[in-house]
Amino acid sequence: MKPRIEKLSKKKLVGLHTSMSLVDNKTGELWKSFMQRRREITNNVSTDLMSMQVYSPTHFETSNPSAVFEKWATTEVSDFDTIPNGMEKFVLTAGLYAVFDHKGSSLDTSIFEYIFRTWLPSSEYFLDNRPHFEVLGKNYKNADSNSEEEIWVPIKAK
């Protein structure tokens, strides 16, 4: 599977976030809370949702499933003029990304094994210290084997 390389423009996001680890995975709770309130966001630029992870600079130096990171459930907005009470804003900075079109269940993590253990080490890129995210569009169906999403991995040239 070969990704497309894209230069992402700065994006304004609004949503909810929590600290978690792979061992203490709170993704389901976070998304349930967000989905119950997403209609309060009135200045969306599309119907796509974004699942974003913000890792520490040393997060990928070891393979520690207890390492804590920040997980966001968001959508892109045109401005920060109206942010629903209790939600937060996030500015996703511009940068280079490897974008993988993934079809399959969100419970199957083999795509991430491929990206970080096979594709990235043999590519022309290093992992960059910026947020990772998935774009969940109209064909996203969570744990369904026919679900489709885009996986955006921040990169920089070697």
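Provided above is the structure to which this section pertains.
This one's a predicted model, so the numbers in the text were calculated from it and none came from an experiment.

**With respect to the overall build of the chain**
Point 1. Looking only at helices and strands, the chain features two helices and nine strands.
Point 2. On C-alpha atoms alone, the chain measures out to a radius of gyration of 15 Å, which is about the 15 Å that the 2.2 N^0.38 rule sets for 158 residues.
Point 3. Along the three orthogonal principal directions, the C-alpha set of the chain runs to about 45 × 30 × 30 Å.
Point 4. Considering only intrachain contacts with a sequence separation of at least 6, the fraction spanning at least 24 residues in the chain is 77%.
Point 5. Accessible surface, the chain: about 9000 Å² in total, of which carbon and sulfur atoms supply 50%.

**With respect to the packing of aromatic side chains**
Point 1. Across all of its chains, the model carries ten aromatic pairs by this definition.
Point 2. When the centroid spacing of 5.4 Å and the interplanar angle of 85° are considered together, the rings of Trp31 and Phe34 count as edge-to-face. With Trp31 and Phe34 both in helix α1 (residues 27–37) and three residues apart, the pair spans about one turn of that helix.
Point 3. Residue Phe34 is classed as buried on the basis of its relative accessible area, which comes to 0%.

**Structural notes on the pattern of salt bridges**
Point 1. With the rule as written, the count across this model stands at eight salt bridges.
Point 2. Between Arg4 and Glu6 there is a salt bridge whose closest N-O contact spans 2.5 Å.
Point 3. Its relative accessible area of 26% is what places Glu6 among the partly exposed residues.
Point 4. Measuring nitrogen to oxygen at the nearest pair gives 2.9 Å for the salt bridge that ties Asp128 to Arg130.
Point 5. Each member of the salt-bridge network shares a partner with another, and the members are Arg4, Glu6, Asp101 and Glu150.

**Topic: the environment of Gly137**
Point 1. Following the sequence through the fold, Gly137 ends up in the loop between β8 (132–136) and β9 (148–157).
Point 2. Accessibility expressed as a relative area gives 26% for Gly137, which makes it partly exposed.
Point 3. Expressed as a C-alpha distance, the spacing of Gly137 and Ser147, which sit ten residues apart in the sequence, is 9.6 Å.

**Some details on the pairing of strand β6 (residues 95–103)**
Point 1. Bridging between strand β1 (residues 4–8) and β6 involves five bridges; their strand directions are antiparallel. Within β6, the position partnered with Leu8 by the bridge is Gly95.
Point 2. Pairing of β6 with β9, which is carried by seven bridges, proceeds in the antiparallel orientation. Each bridged residue has a counterpart across the sheet, and for Lys103 the counterpart in β9 is Glu148.

**What about helix α2 (residues 110–122)?**
Point 1. Between its terminal C-alpha atoms α2 stretches 17 Å, which fits the 18 Å expected from 13 residues at 1.5 Å a residue.
Point 2. Approximately 30° is the largest bend angle found in α2, and it occurs at Phe116.
Point 3. If you check which residues of α2 are buried, you get Ile111, Ile115, Trp119 and Leu120.
Point 4. For α2, the secondary structure elements touched by its buried residues are β1, β6, β7 (125–127) and β9.

**Brief notes about α1**
Point 1. Three or more residues of α1 are buried, namely Leu30, Trp31 and Phe34. Buried residues of α1, viewed axially, fall in a sector of 90°; they line one side. Facing away from the buried side of α1 by more than 90 degrees, the exposed set consists of Gly28, Glu29, Lys32 and Gln36.
Point 2. Buried residues in α1 make contact with β2 (11–20), β3 (49–54), β4 (69–76) and β8.

Definitions and cut-offs
- Residues numbered from 1 in each chain as written.
- Predicted model: local features only at pLDDT ≥ 70, side-chain atom pairs only at ≥ 80, totals over all residues.
- Heavy atoms only, no water.
- Helix = DSSP H or I, 4+ residues; strand = E, 2+ residues; numbered from the N terminus.
- Rg over C-alpha atoms; globule rule 2.2 N^0.38 Å.
- Contact = heavy atoms within 4.5 Å.
- Areas by Shrake-Rupley, 256 points an atom, 1.4 Å probe, with all protein chains shown as cover.
- Phe/Tyr/Trp six-rings, centres within 6.5 Å; stacked < 30°, edge-to-face > 60°.
- Buried < 20%, exposed > 50% of the residue type's maximum accessible area, 1.4 Å probe, protein only.
- Salt bridge = Lys/Arg side-chain N within 4 Å of Asp/Glu carboxyl O.
- Pairing = 2+ DSSP bridges.
- Expected span 1.5 Å × (residues − 1).
- Bend = angle between axes of the 7 residues up to and from the residue.
- Arc of directions from axis to C-beta.

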